[in-house]
Amino acid sequence: MSKVDNLNSREKKFNKIITVVSIIVPVVVALLFGFKIPDAEPLSFLPPIYASINGLTAIFLIAAVVAIKNGKQKLHQNLMTTCIVFSLAFLVMYIAYHMTSESTSFGGEGVVKYIYLFILITHIILSIIIIPLVMKTYAKAYLKQYDAHRKLAKITFPIWLYVAVTGVVVYVMISPYYV
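First, a word on what this report is: a plain description of the structure on this page. (Residues numbered from 1 in each chain as written. Predicted model: local features only at pLDDT ≥ 70, side-chain atom pairs only at ≥ 80, totals over all residues. Heavy atoms only, no water.)

Considering the overall build of the chain
Heads up, the rule is: Secondary structure counts use DSSP, requiring at least four H or I residues in a row for a helix and at least two E residues in a row for a strand, with both numbered from the N terminus. Here's how the labels work: a residue is buried when its accessible area is under 20% of the maximum for its type, exposed when over 50%, partly exposed in between, all with a 1.4 Å probe on protein chains only. Any two residues whose heavy atoms approach within 4.5 Å are treated as being in contact. We get accessible surface area from the Shrake-Rupley algorithm with a probe of 1.4 Å; when it comes to residues, only the shown protein chains can shield them.
A count of helices and strands for the chain gives 5 helices and 0 strands. The order of helices and strands in the chain, counted from the N terminus, is α-α-α-α-α. In terms of principal-axis extent, the alpha carbons of the chain reach across some 60 × 35 × 25 Å. Per-residue burial over the chain gives 32% buried out of 179 residues. Sequence separation of at least 24 residues holds for 81% of the intrachain contacts in the chain that already meet a minimum separation of 6. Taken as a whole, the chain presents about 11100 Å² of accessible surface, with 71% of it coming from carbon and sulfur.

Observations regarding the side chain of His98
Its location among the elements puts His98 in helix α3 (residues 73–100). Apart from residues no more than four positions distant in its own chain, His98 is found in contact with Phe33, Phe35, Lys36, Tyr50 and Ser103.

Let's talk about the side chain of Thr166
Operational definition: Any pair of N or O atoms that falls within 3.5 Å is considered a polar contact. Within protein, one atom must be able to donate a hydrogen and the other to accept it, and sequence-neighbouring residues count only if both atoms are side-chain atoms.
Mapping Thr166 onto the fold places it in helix α5 (residues 146–174). In this structure the side chain of Thr166 is engaged in a polar contact, spanning 2.8 Å, whose partner is the side chain of His123.

Some details on the environment of Ile115
Mapping Ile115 onto the fold places it in helix α4 (residues 111–142). We classify Ile115 as partly exposed; its relative accessible area is 41%. In sequence terms Ile115 and Met173 are 58 residues apart; their C-alpha atoms lie 9.9 Å from each other.

Dropping the structure here:
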């Protein structure tokens with residue numbers, strides 16, 4: 001098998017994994033969101049923690065861009081890997097919270113409520129879209145397809161940053177209404 005064939009084969013495998021994960025994660029999250037663990041103690045301490053993780057993700061994403069623009073490839077790689085770990089930690093805590101606690105309704109009214117709903121809805125939609133984008137961007141770098149990685153990262157970065165920042169904004173806006 002030639003080097004090109006091997007690369008194509010590896011990329012096809014990545015694409016299959018990316019497709020499966022990109023479908024399974026939102027479906028599982030949606031299913032678990034509706035499931036409550038009977039008699040479980042509410043994990044009400046988690047929202048400020050996972051909101052902080054979103055904030056850290058945003059900071060690390062920006063730091064990763066600065067690192068690569070300054071030619072620090074290894075630092076960039078480590079920061080991006082950390083962002084993925086942060087996102088996974090967020091997801092686990094978010095699911096755990098919602099499996100043990102009732103959802104909190106936003107109590108604001110008027111224009112503020114529409115702003116909140118716009119931010120929340122775009123955050124949710126883009127948090128689903130970002131899954132395959134992050135995985136595909138990471139795979140391109142892993143496969144040393146740096147031109148394709150850079151091209152895709154120009155799309156992935158602003159969306160991921162938006163999701164991370166709006167995660168914090170949603171928390172700040174809804175936090176007064178937590179029980």
